[in-house]
Amino acid sequence: MIAEASSATQAPSRFRAHHFETAEQQYAASKLGMWLFLVTEVLFFGGLFVAYAVFRTLHPEVFMNSAQLLDTRLGAINTVILLFSSLTMAWAVRCSQLGQQRGLVICLSLTIFAAIVFLGIKGVEYSHKWHEGHLWASQYSSGDAASVGGFDRAGTFFSIYFAMTGLHAIHIVAGIAAIGWVLMRSLRGDFGPNYFTPVDTVGLYWHLVDLVWIFLFPLLYLIG
Amino acid sequence: MSTTTEPKHRLPQFISPRSTTEQPLSYLTAERGIRSWLFTLDHKRIGVMYLIGILTSFLMGGVMALLVRTELLTPGPTIMDADTYNHMFTLHGAIMTFLFIIPSIPAALGNFVLPLMIGAKDVAFPRMNLASLYLWVFGAVFLVAAMGLNGLDTGWTFYTPYSTTTNSSVISATMGVFILGFSSIFTGINFIATVHTMRPKGMTWFRMPLFLWSLYATAIIQVLATPVLGITLMLLIAERVAGIGIFDPALGGDPVLYQHFFWFYSHPAVYIMILPAMGIISELISTFSRTRIFGYRFLCYSSVAIALLGFLVWGHHMFTSESAMAAVIFSALTFSVSIPSGIKIFNWLATLYKGSISLTTPMCFALSFIVLFAFGGLTGLFLGALATDVHLHDTYFVVAHFHYVMMGGTLMAFIGGLFYWWPKMFGKMYNEFWGRMSCLGIFVGFNWTFFPQFLLGTKGMARRYYNYKPEFQGLHVVSTLGAFVLGVGLVICAAVLVHSLFRGRKAPPNPWGVATMEWETTSPPPVHNFEDTPKVTDPYDLEGFVLNETSGNYERRPAGITSSQKPSEVKA
Amino acid sequence: MNTLNQYLIFAESTGSVWLPSQSSTVAGEVDGVFSLILWISMIFFIGIVGALVWFVVRYRRQPGVPAQREIHHSTVLEIAWSVIPFMLLIVIFVAGFGTFMGMAAEVDDAYEIHVVGKKWVWSFQYPNGYIDDALHIPVDQPIKLTMSSDDVIHSVFIPAFRVKRDVIPGRYTTLAFEATQTGTFDLFCAEYCGTKHSDMYSDVVVHPSGEFEAWLEKASNFLETMSPADAGKALYKRRGCAQCHSVDGSQMVGPSFYKLFGQQAVLDTGEAISVDGNYIRESILEPQAKARAGYRKVMPTYQGQLKDEEIAAIIEYIKTLKE
Ligand code: HEA
Ligand code: HEA
Ligand code: CUA
Ligand SMILES: [Cu+2]
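This text gives an overview of the structure that appears in the document. (Residues numbered from 1 in each chain as written. Chains lettered and ligands numbered in written order. Predicted model: local features only at pLDDT ≥ 70, side-chain atom pairs only at ≥ 80, totals over all residues. Heavy atoms only, no water.)

1. Observations concerning the environment of B:P452
No. 1: Following the sequence through the fold, B:P452 ends up in helix α16 (residues 432-459).
No. 2: Counting along the chain gives 56 residues from B:P452 to B:Y396, while the straight-line C-alpha distance between them is 9.2 Å. (Helix = DSSP H or I, 4+ residues; strand = E, 2+ residues; numbered from the N terminus.)

2. Focus on the interface of chain A and chain B
No. 1: Each side of the interface is counted separately: chain A has 39 residues, and chain B has 43 residues.
No. 2: A per-residue breakdown of the area chain A buries against chain B is headed by A:H18, A:H19 and A:F44, which together make up 22% of the total.
No. 3: Linking chain A with chain B are 0 salt bridges, by the criterion used here.
No. 4: Counting the contacts that link chain A with chain B gives 2 residue pairs in polar contact (both at pLDDT 80 or more).
No. 5: When contributions to the side of chain A that touches chain B are tallied by element, the ones reaching two or more residues are α1 (23-58) and α5 (154-187) of chain A. (Contact = heavy atoms within 4.5 Å. Buried area = accessible area lost by both parts, 1.4 Å probe. Salt bridge = Lys/Arg side-chain N within 4 Å of Asp/Glu carboxyl O. Polar contact = N/O pair within 3.5 Å; in protein donor to acceptor, adjacent residues only side chain to side chain.)

3. Notes on the side chain of B:T226
All names here are of chain B.
No. 1: For T226, the location among the structural elements is in helix α8 (residues 210-242).
No. 2: Overall, T226 belongs to the buried group, its relative accessible area being 3%.
No. 3: A polar side-chain atom of T226 sits 2.5 Å from the main-chain carbonyl oxygen of Q222. (Buried < 20%, exposed > 50% of the residue type's maximum accessible area, 1.4 Å probe, protein only.)

4. Some thoughts on the coordination of the iron atom of ligand 2
All names here are of chain B.
No. 1: Surrounding the iron atom of ligand 2 are the protein donor atoms H92 (NE2) and H403 (NE2), at 2.0 Å.
No. 2: Relative to the metal, the 6 donor atoms surrounding the iron atom of ligand 2 lie at angles of 85 to 179°, and the coordination shape comes out octahedral. Placement of the pair is H92 in helix α4 (residues 82-117) and H403 in helix α15 (residues 396-426), with a sequence separation of 311 residues.
No. 3: Take H92: its relative accessible area is 15%, and that puts it in the buried class. (Donors = N, O, S within 2.8 Å, 3.2 Å for Na, K, Ca; no water. Tetrahedral: all angles 85-135°; square planar, octahedral: opposite > 155°, others 65-115°.)

5. Notes on the sheet that holds strand β9 (residues 183-189) of chain C
Residues and elements named next belong to chain C.
No. 1: Taken in spatial order, the 5 strands line up as β4-β10-β9-β6-β7 in an open sheet, and their pairing is mixed. The sheet is open, and its two borders are formed by β4 (135-138) and β7 (163-167), each paired with just one other strand. Strand-to-strand twist across the sheet, computed as the mean angle between neighbouring axes with direction ignored, equals 25°.
No. 2: Here 5 bridges tie β9 to strand β10 (residues 202-207), and the two strands are oriented antiparallel to one another. When the sheet's bridge partners are listed, G183 is paired in β10 with V206.
No. 3: The strands touched by helix α4 (residues 211-220) are β4 and β10; relative to β4, the strand with the most contacts, the crossing angle is about 145°. (Pairing = 2+ DSSP bridges. Axes fitted to C-alpha atoms, helices over the stretch in contact; angles between N-to-C directions.)

Here is the structure:
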């Protein structure tokens, strides 16, 4: 994708901010900025992954048992859906580079659709947990796992589960908004071989959100 | 980011036709009205607005500090009750760190200077820059709102489970700090992208002014450390609101994990505070010794080294709560940061050697910085060593240590930098005599306030204490008196600057004879920074300038003159 | 240098300009590390300030005289001022490390005392089960404190012994030391824990050898040796009631005990009751069961911590608070 940068040189000047000398410079800056933002996102989630690791090391058996309480089937379906949405997003970037208007709009719409389905399934999972009382530490109410010292250790697992998937869901919502914005602009015909930075950077963001899920799924559902 | 159109100058009705032909409109006067400030994308205006916000916060935090000191005049109640005191020192610490010192140099001075130093028209993402300012404002509102709600009595560190059980407004305050974190991240991303992609041809990494190196190193920390604070505070809020049980031992959580998370950000954050300060000092020492900075490359490397090593030492705040094993490792790593810090001090001294030193106001602050930072840094060694830290941890020794490095270090450099770039920012010179006097007042008052605190600490006076044993009173009284002297010094300093705005002599483009690019343009600079794109030159080639006695401006030596830089044109 | 060290910087047993008295086995060693760092720092600091002042005076700007320095970097010098501090830092680290490991080492025959910190009172439980609000220990005997907290983080800090360790809810931490001097020393709470953090203070009483057992014997039998009201008063002070309840009618976190007995009180349910022995007993064991209107429900339960006779003694004491 970076090879495309040179073709961006002839970008219509209306999209070049005055303080950049060339469109290439602008493209490079946007791209670097997005990567840096993604780094901050990784570290943001990183805190939760560390918390996961710490509590897992402290109470491995709790994590093993609690993972059984998650619905692996729904989790797996969601994984497939997100992988599919990554594909459509990558395709959208390609379409914009090749100037395929219709393809771009279709791919973006599909991506948004997949994201909404993902959230729907997540919602179904959450409501199951709610009914079963499989909630975070202070709200956990179920006799499934052994109670230790006045609180249920399984609650710790679900605290981490809700923190991680909840934060991830917020990122999905933000992603839907961002892709929606790109979709609007592409309906307006803003993008083409000469200018596709927003599609590209939003795409990067979306891939990161997927990637986080690719880690969450096995950590929470599978290697219990 | 991408849709900005070429801005057109408004018709300058308010300025006489004569001045438009002679001199380009400055960024301050090119557009008028409050809206032209609130919606500006100009990094210079954003920097100025940051400056106003930051100085207001400093004043607020400073007044609280004076109240804290007054309360400590006697053991037991003096002017307030215990709870009020706890709220007071917490807000003092939180405001000083999150609202004042972390954004101080990068967001106010850095924003103004960075694009100028690389001869660019703006930072890479001007909208994001404005967004960062607004985030700062929102964050400040949340943080200060805590004061009006139930206050904040957790200490600036928000340790759990105290912070999850107290009934003060922890949520509002931590939301504020969370938002301020994003403001800081935005500034960091912007600076990295600007330095990477917008340097002009010919300005290689090793031809960058050292201030840029230090801002760059700072930005790395801002981007890598701040998100961890963000997630930590989110979890803290979730703990309070919903009882998520990550940090609360009553729910199976781990309070020491919170401490690790907090310091993973907050130790690197102390280098967010000191690195840009060191960058300023490098510029000032070289400029006012009228000689090339000594050991340029080592200074570059040491900035990056401090930034990276700073990530490895956070556990030294927890020697009394973490495992002995962790304590040993963190103690060993802690000392590593001292080496690049030492390099800086010695290289600055070597720069003074055989220089031609003039004690201007900025230079006075720079020299004070070296003395006070060396002192504060060396006292860090007592804290980094395991056996002594066990005794000194959470005593006034720590309080004195961090005021020496934060106030004696960063604040001195900040004020020094402010005096240095003031003529560029506002086009006015200030009164040198009173500038120096304010430095003297601050230096004396500062040591008077904080040196006694080292003694208090070694004797066992714990920090965050409202009440204390009578034998400590003598030193507390001394310290409190010093704080008022310090306050007088700072008021003089503010008065000098305010006075200059109204009565100051007009500043020439290059009053100090510096070779970095921000001095190539008029003071204050025009909206687009430079009338002609400046030529990239050696940033420390001070010998290429001679003082023009009549204009007070330094001009390039005739040999170096190019058509666009004729003295007659440069002259104000 | 040693005498200068002692005179100027550290004194022996009685304390000095800098540090309090050295009253434990590690104190001398810690102060040794302190003085090592102090000397290194002073040498560097004096050198730095000396050079700075000298250069500023010697090379101040003179009209027409430009800067003289020809070299603009010197790898040899720069390596030198990286490596020399590096060596010294290793020395400092090793010194601090050695002493620290000595402090953290487990001693087999240590006398063990359980410490509970709660807002804003310490309680020290001796092996025979007796609980006191002051730390009494024998001199020249290794002591091990096993500590936990009932609410937030606290920290035991005994300056004269140069020891400090956080007391953390949900886990046990330990602190070991050996006193070398008899007398009374300060014990502070060093971790911020709220309103009365600075009053969370206790005495460390170091008994001469042989006298500690006698003290413990006598203290443990206070219920027998004292009148019930006096024993109740002692409990009131030792077990932290005094942190929240006054005996002179002044307003604190909880209702004052002054004239409490027999008084008509309003509960937060609106119901009015009269304070009698049973109500007091219930308030101590299940404080939230019947809570007074106008107070926060912050009183911790003393279930399992106060024996029946002790509660009886407290009730007797409250009864006496009429005047
Ligand atoms: C600007 C901010 C700043 C800076 C730069 C530093 C710099 C350093 N700090 Fe400080 N520190 C704070 C701000 C800062 N600190 C704050 C805010 C706290 C308290 C937070 C709280 O609890 O509220 C704190 C607390 C703190 C602690 C925890 C204390 C405790 O709570 O028990 C420790 C422990 O190791 C420590 C160590 C150090 C060290 C080793 C350095 C080093 O980087 C210093 C390096 C510099 C030098 C060493 C001097 C120059 C070097 C030479 C002249 C070389 C020659 C000398 C030799 C090496 C022999 N600091
Ligand atoms: C940048 C950081 C910073 C700065 C500058 C200061 C400045 C001061 N601090 Fe503070 N302080 C902290 C950061 C800072 N502090 C932190 C992080 C804590 C820990 C909090 C905690 O434990 O949670 C702390 C805690 C702390 C304590 C310990 C409280 C306790 O533990 O119980 C004390 C006590 O003496 C103190 C005193 C002071 C004093 C007297 C000043 C004085 O230097 C203030 C002087 C300022 C003024 C008097 C205002 C005058 C200003 C103007 C007139 C405007 C100036 C304008 C221009 C220069 C243009 N501070
Ligand atoms: Cu207990 Cu501070
Ligand atoms: Cu630190």
